[in-house]
Amino acid sequence: MIPIATLKEIAKIAKVSSSTVSRVLSSDYSFSVSEETRRTVIEVARSLNYRHKPGKKKNELDEGRKWNVGVLFWCSEQFELTDPFYMSIRQGIEKECDNQGLTIKRIYRWSDEDSSTIEDSEIDGLIVVGKVECIFHSKRPDMPIVFVDHCSSVEHDSVQFDAAVAARKTMEHLLHFGYDRIGYIGGNSYIRTLEGINYYEDERQQMYKRMLEEQGKFKLEDMFVGSWGVEDGYKLMSVAIKNGNLPRAFFVASDLLAIGALRALHESEIKVPEQVAIASIDGIDVSKYVNPPLTTVKVYTEEMGSTGVKLMVDRLLGRNYALHVMVETELMIRESCGSLIFHPI
Amino acid sequence: MVEIATIKDIAELAEVSSATVSRVLNNDLSFNVPEETKNKVIEVAKRLNYKKKAERKRKTDEATEYKLGLLIWCSEQLEYSDPYYLSIRVGVERECLRRGIDIHRVFRWVEGTSQDMNLSDLHGLISIGKVNPSFILNSKDTNLQVVTVDCISSERCDAVVFDLEKAATQALDYLFELGHQRIGYIGGTTYVFSKDTKEQYVDERQRAFCRLMAEKGLLRERDLHIGGWGTESGYRLMKRAIEQGDIPSAFLIACDPMAIGALRAIDESGLQVPEEISIVSIDDIELSQYVNPPLTTVRVFSEEMGKTAVKLMLDRLKSGREASLQVTIPTELVVRKSCRGVKKDEQA
């Protein structure tokens, strides 16, 4: 058995005073210690298996504790089943809760009829999925809340993906091929609050406009915005086709919209990517199986879910400041953008 | 430096052969070792904290099996003059100590020479400061996990940053609240180091300052003073600002060390802080509360940045996570005594 070392033992081997050891290990910089001495003390401490005395804060060694968390979804269960993006986040949450030994005590859903009332007495923490502002009249204002796919406030942890960066990657990719006109198909974005729905301009749409404006190529009539489902993608592309004079390429804000759009193009016998190129964002599983396989920016949604859980555990273990996390995105180049037939300019 | 002793080390000190050491420590009675020799070997082994290989291996079945390297982008002297980086490193070391993880190697970036770092036996590398790790990620050590602190580079590795623009905005908003309109900026030039090159870019604090001032129509090029980082530079730049005349009523200074230099320059000129010039800066190093007057500054939780880097690294190594994460650490305005409010008619 390796005994737990004391400051005295460390001091002896490192050949310094106990007070020096104490200062080094508590990072006291008002007292100047040479670099070499500091390193020596730390290494001796480590090799002697020095452990801080357990403080009031919980630490990882405190194993017996099992936590209950609640998960609040922005949408109904039926809606979630139609949206692989949110389903994947949920899977990430469930898997990681399993890994970490957390129990998902309750699943709440935000519905339009009544604002969610959350019984916070039965949960240790709340994970919110989707763009929901929640101001809780909670008896426990310091109950940790982690937001996934949204950043609610500075004080609560958040996990998101950078939609503006994802949009830039998609647009840059399409612009590489020299497509002179790029259209946009997207949805209206909003945040659900206790007072109602707040619409805001989606970051993908903003980036699309900005990048074309920079080149003096932006045209309002090439933008088609509606809601976010497959059906909407189909309808919006149908409108674009009917208008005639289709852009050479489309940046579609999500895979579901893109899949609907592909269908509309097929029905009108317009060849993708030979006549119209498509690129989108999400990277849901089915995107590689549609015809043609969709070029898209993959969002690591399962990772977003599991990171949300990890942040929650970290909070429950005592972290008292907020962290904001962005999960990377990755451009998956497939056929719908024209990569097999065109070379980038 | 203290290392885990090997049989060879013990043999050397005890002045016996390695075979003898091995036999003694394994309690091999088939070989006759004089009592005195045996005691000597055991004593030396204890002193050097020798652990049997099996014991060592058992201990390393946990997180302690990971070998981490630390890359720091500046020299030791610079680290001491800018406690921000020192504090990040402390955060890393303390978290490693807490978890019993070995920092196997420390590298310092030396500008102008191509660093040939031996990374082959490391599981992970934590890089502190503005070094673009692409050349590491693109090299043959493809299993090496990298976490950068205080540098946004490629996305393919985890990164811990604080929102510099936000910090500058917090500081500047405070000055606006106090009624200041003539505001100057003192800051440094930022570079990101690559394998053989360095790239200059406009620091986010400077960018935020220019943007916010321009939005209000208050930006004056003459009130921007950019030089090197560090106390000496802060001193020189403020001296220059004072000599220029028509001095702003407030300054946003990019970091505490520069602000401390600036305070000295103001003091030498006979002007007073905050009565005649208000100063706000960014960092909240320990010294900032002890200078005269105590500095109003934006606290950056730098030690927590180091700590978070270790947590990210462990998460990568343990869970085999594939997607990279970028974590932003909060900042908060700490109001002390170096600023005061001004009324409209006081502005020149």
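Note: the structure precedes this text.
Notes on the structure in this doc start here. All values reported here derive from a predicted model rather than from experimental measurement.

1. Describing the overall build of chain A
And step 1. Regarding its fold elements, chain A presents ten helices and 14 strands.
And step 2. For chain A, restricting intrachain contacts to residue pairs at least 6 apart in sequence, the fraction spanning at least 24 positions comes to 70%.
And step 3. Carbon and sulfur atoms form 51% of the exposed surface of chain A, whose accessible area is close to 17000 Å².

2. A short note on the packing of helix α10 (residues 231-244) of chain B against helix α11 (residues 256-268) of chain B
Residues and elements named next belong to chain B.
And step 1. Running from N to C, α10 and α11 cross one another at 40 degrees; their axes reach a closest spacing of 6 Å. What the angle tells us is that α10 and α11 run oblique. Both α10 and α11 take part in a crossing whose hand is right-handed. The segment α10 lies against α11, with Thr 231, Ser 233, Gly 234, Tyr 235, Leu 237, Met 238, Lys 239 and Ile 242 engaging Pro 257, Met 258, Ile 260, Gly 261, Ala 262, Arg 264, Ala 265, Ile 266 and Glu 268.

3. Thoughts on the pattern of salt bridges
And step 1. The final tally for this structure, using the stated rule, is 39 salt bridges over all chains.
And step 2. In this structure, the salt-bridge partner of A:Asp314 is A:Arg319, at a minimum N-O distance of 2.6 Å. Considered together, A:Asp314 and A:Arg319 belong to a single accessibility category, that of buried residues.
And step 3. A salt bridge links B:Asp158 to B:Arg316; the nearest nitrogen and oxygen atoms lie 3.6 Å apart. Here B:Arg316 lies in helix α12 (residues 302-319) and B:Asp158 lies in strand β5 (residues 158-162), a separation of 158 residues in the sequence.

4. Considering the sheet that holds strand β11 (residues 278-283) of chain B
Residue and element names in this part refer to chain B.
And step 1. Across the sheet, which stays open at both edges, the six strands sit in the order β9-β6-β10-β11-β12-β14 with mixed pairing between neighbours. The outermost strands of the open sheet, each flanked by one partner alone, are β9 (224-227) and β14 (331-334). Taken pair by pair, the neighbouring strands of this sheet meet at an average axis angle of 15 degrees, ignoring direction.
And step 2. Together, β6 (183-188), β9, β10 (250-253) and β11 form the strand contacts of α10, whose direction differs from that of β9 by roughly 150 degrees.

5. Here we look at the packing of aromatic side chains
And step 1. Applying the stated criterion to the full structure yields 15 aromatic pairs over all chains.
And step 2. A centroid spacing of 6.3 Å and a plane angle of 65 degrees characterise the contact between A:Trp74 and A:Tyr190, whose relative ring orientation is edge-to-face. Of this pair, A:Trp74 sits in the loop between β1 (68-73) and α4 (77-82) while A:Tyr190 sits in strand β7 (residues 189-192); the two residues are 116 residues apart in sequence, bridging distant segments of the chain.
And step 3. With centroids separated by 6.0 Å and ring planes inclined at 65 degrees, the aromatic side chains of A:Phe85 and A:Phe161 adopt a geometry described as edge-to-face. Of this pair, A:Phe85 sits in helix α5 (residues 84-100) while A:Phe161 sits in strand β5 (residues 157-161), and the two are 76 residues apart along the sequence. Of the two residues examined, A:Phe85 and A:Phe161, each falls in the buried class.
And step 4. For the cation-ring pair, A:Arg319 lies above A:Tyr321, with the distance from its terminal atom to the ring centre recorded as 6.0 Å.
And step 5. Here B:Arg299 stacks its cationic end above the ring of B:Phe301, 4.2 Å away from the centre of that ring.

Criteria and thresholds
- Residues numbered from 1 in each chain as written.
- Chains lettered and ligands numbered in written order.
- Predicted model: local features only at pLDDT ≥ 70, side-chain atom pairs only at ≥ 80, totals over all residues.
- Heavy atoms only, no water.
- Helix = DSSP H or I, 4+ residues; strand = E, 2+ residues; numbered from the N terminus.
- Contact = heavy atoms within 4.5 Å.
- Areas by Shrake-Rupley, 256 points an atom, 1.4 Å probe, with all protein chains shown as cover.
- Axes fitted to C-alpha atoms, helices over the stretch in contact; angles between N-to-C directions.
- Parallel < 35°, antiparallel > 145°, perpendicular 65-115°, else oblique.
- Left-handed = near helix turned anticlockwise from the far one by under 90°.
- Salt bridge = Lys/Arg side-chain N within 4 Å of Asp/Glu carboxyl O.
- Buried < 20%, exposed > 50% of the residue type's maximum accessible area, 1.4 Å probe, protein only.
- Pairing = 2+ DSSP bridges.
- Phe/Tyr/Trp six-rings, centres within 6.5 Å; stacked < 30°, edge-to-face > 60°.
- Lys NZ or Arg CZ within 6 Å of the ring centre and 35° of its normal.

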